[in-house]
Structures are given as C-alpha cells and as structure tokens.
Amino acid sequence: MFKFLKRKKQAAFINEVDQENLPRHVGIIMDGNGRWAKSRGLPRSAGHRAGAATLKKITEFASDMGIRYITAYAFSTENWKRPKAEIDALMDLLLDYLKDKKLLEGNQVRLKFIGDRSVLTDEIKEQMEIAEEESAGRDKTILYLAINYGGQQEITKAVRTICQKAAAGQLDPGGVTEQTISENLYTEIPDVDLIIRPSGEFRLSNFLLWQSAYSEFWFSNINWPDFSEKDFTQAILDYQNRNRRFGGI
Ligand code: FPP
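Numbers given for residues are sequential positions, taken from 1 along each chain in its written order. In view of the model being predicted, local features appear only for residues whose pLDDT reaches at least 70, and side-chain atom pairs are presented and counted only at 80 or more, with totals across whole chains, interfaces and linings using the full set of residues. Side-chain measures here rest on the full set of heavy atoms in the structure, leaving out hydrogens and waters.

Peer 1: Give a detailed account of the UniProt feature "binding site: Mg(2+)" (unreviewed entry) in the protein, specifying residues and quantitative values.
Peer 2: This chain's UniProt record puts "binding site: Mg(2+)" (unreviewed entry) on Asp31 and Glu216. One can find Asp31 in the loop between β1 (25-29) and α2 (33-38). Residue contacts follow a heavy-atom distance rule, with two residues in contact if any of their heavy atoms lie within 4.5 Å. The contacts of Asp31, once residues within four sequence positions are left out, are Arg197, Pro198, Ser199, Glu201, Asn223 and Trp224. Throughout this description, a polar contact denotes any pair of N or O atoms lying within 3.5 Å of each other; where both atoms belong to protein, one of them has to be capable of donating a hydrogen while the other can accept it, and for residues adjacent in sequence the pair is counted only when both atoms sit in side chains. Separated by 3.3 Å, the side chains of Asp31 and Ser199 make a polar contact. UniProt positions are given in the numbering used here, feature names are shortened, and annotations may be inferred rather than shown by experiment. Elements are defined by DSSP. Helices are runs of H or I of four residues or more, strands are runs of E of two residues or more, and each kind is numbered from the N terminus.

Okay, structure coming up:
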C-alpha cells in the first residue's frame, strides 16, 4: 500500500515536467554527506552510505521521468587527500554497491564508469566490469559513476592521446578541433545540460570541466542524503524555465 502511494506521488511529480524539454544529461555532485552524518552524531561513513541510497532512489526516479544520462560524482582525484579510514570506507561502500544484485533492479538503467580505474583494487575493477556487463542490455538510462575522476586529468589524458596519435602520424595536429578533444574524453555522451550541487556549495570541483561549457546549474542547501524526488523535480522545472542561448541571442 505504501509502495503504491509512493508510486502515485512520484507519477504526480513526473506529470509536472515538460517531457519535450528534459535535460538529456544531468550531472550530480553528491555533496553534504559528512555534514548530514555529523548533524545526527553519526560517523561520516554513515553519511556516504545514506548518500549512496539516495543515488539509487534518484536514479530510478530520473529514469522513470525519462532522463537519458546521469553522471554522479562518487570519488574525485582529489578525494585521496582524505583520511585513510574515510577512503577505505568509501571503497568498501563502492564494492557493496557494485555487488548489490538488487541495484537498480527492475529498472532500465545501465551502469558505466568514468575516471582512472588503474589505481583501484583488483576486486573493485572486477566488480566494475561485472556491473557493466550485467547491465549492458539496459538502454533507457545510463548512469555514469565518476570514480577517481577529475576533469583536468581527463582533458590532460585526451591531449596526451591526441599528441601520441599525432607523433605516430595518425592525426594531423592542424586538424585538431573541439570535436577531437570531445572524442578522446571518458564520456561518449552529450555534454551535460544540468548540474545539480546540493549542500550549499557553489563550486564545480573539477567535475566534467569540458562537458559543462554550456551547462545550467542548480544549487540548494539540502544535504545529498536528504535529496528527494520532489527536489529533483524542482531542479528539472527550474531548468525548463531557463533560456539557453549557447552564446547566441
Ligand atoms: C562529498 O560529500 C561526497 C563525496 C566525496 C563522496 C560521494 C559519495 C557517495 C554519495 C557515496 C558513494 C557512492 C557510491 C555509488 C558508492 P562530503 O563527504 O564532502 O560531505 P561534507 O562536505 O558534508 O563533509
């Protein structure tokens, strides 16, 4: 019964948005987990765990709404500066998340990853591959988890690949365009239309630097674990009221 009422409420939210003007690609900076935990007298890891549950909830809802691509910032190249215990907790959480066979079950969500996975443990790398393979047949929504991801590192990697191709005579340096850079990034999907950052911070924090050239931003004071379907709907409604000119008039 409770589930039925929840579905009804979600359907009502989805009815509010204009299906003809949905962002194709939504980026989410899942911030405020630590503060959420602290305000409840819990360890920071409990905040991350609650944040991971929120990601599952919001991804399922966004997929029902018709959002095609979501990129969620789970671990940045700068997050290695955190205490070892917190890094270990985040990696354990990631492993649990990937091993959870109920993850996004019943939904048409495909899981992919962006970032440098070379430094992750063999177990995590293996589970990432399994998750990618097992979800490969789903095509309604693609959830990209950004893990050990940094926008500057991504652009540097693309430039390095292009230089190597040029040095090998496979590419004319004079012919390098924005398209060439885009093609050598981790993402093979459209640039990000809307970036959501909760928890009262107003930074991009090295997230999708190239892909956010013309993104719209949506900020709120809500800590990520408290982020609801209603908040997501509001972000989409606000996006639909923006006048995107892409440098034109
Ligand atoms: C920033 O909040 C959040 C992170 C560095 C990690 C985000 C990770 C998750 C939500 C969980 C991992 C996701 C998966 C899919 C396993 P913060 O910790 O800096 O919060 P604070 O600014 O309040 O301290």
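Let's pick the thread back up.
Peer 1: Residue-level account of the site of the ligand, with values.
Peer 2: Any residue with a heavy atom positioned within 4 Å of a molecule or strand is treated as near that molecule or strand. Around the ligand lies a shell of 17 residues, among which Gly34, Arg35, Arg44, His48 and Arg82 are the nearest. Between Arg82 and the ligand, the recorded distance is 2.8 Å, taken from a side-chain N or O atom to an oxygen atom. Here the Shrake-Rupley method, with its probe set to 1.4 Å, supplies the accessible areas, and only the displayed protein chains count as covering residues. Its free accessible area being 620 Å², the ligand has 91% of it covered by the protein chains. Looking at the shell around the ligand, the elements that each hand over two or more residues are α2, α3 (44-65) and α4 (84-99). No other element matches the four residues that α3 contributes to the shell around the ligand. Residues of the shell around the ligand, tallied by class, amount to seven nonpolar, six polar and four charged. Residue classes follow a fixed rule: Ala, Val, Leu, Ile, Met, Phe, Trp, Tyr, Cys and Pro count as nonpolar, while Asp, Glu, Lys and Arg count as charged, and any other residue, Gly among them, counts as polar.

Peer 1: Account for the environment of Ile147, with residues named and values stated.
Peer 2: Relative to the elements of secondary structure, Ile147 occurs in strand β4 (residues 141-149). Ile147 sits 80 residues away from Phe227 along the chain, and the two C-alpha atoms are 21 Å apart. If sequence neighbours within four positions are ignored, Ile147 has contacts with Ala74, Phe75, Leu94, Phe113, Ile114, Gly115, Asp116, Leu120 and Met128.

Peer 1: So what about the environment of Glu183? Which residues, and what values?
Peer 2: By the element assignment, Glu183 lies in helix α7 (residues 178-183). Separated by 41 residues in the primary sequence, Glu183 and Trp224 have C-alpha atoms spaced 31 Å apart.

Peer 1: Any chance you could break down the packing of helix α1 (residues 2-16) against α3 for me, citing the residues and the numbers?
Peer 2: The axes used here are C-alpha line fits, helices contributing only the stretch in contact, and every angle between their N-to-C directions lies in the interval 0 to 180 degrees. Their axes nearest at 10 Å, the elements α1 and α3 cross at an angle of 55 degrees. Regarding the angle of α1 to α3, the classification is oblique. Crossing angle aside, the handedness with which α1 passes α3 is right-handed. Taken together, the residues of α3 that come into contact with α1 (itself represented by Arg7, Gln10, Phe13 and Ile14) are Phe61, Asp64 and Met65. Of the residues belonging to the contact of α1 with α3, the class tally is four nonpolar, one polar and two charged. When describing relative orientation, an angle under 35 degrees is termed roughly parallel and one over 145 degrees roughly antiparallel, while 65 to 115 degrees is termed roughly perpendicular and anything else oblique. Definitions for this section: a left-handed crossing has its near helix turned counterclockwise from the far helix by less than a right angle. A right-handed crossing has that turn clockwise.

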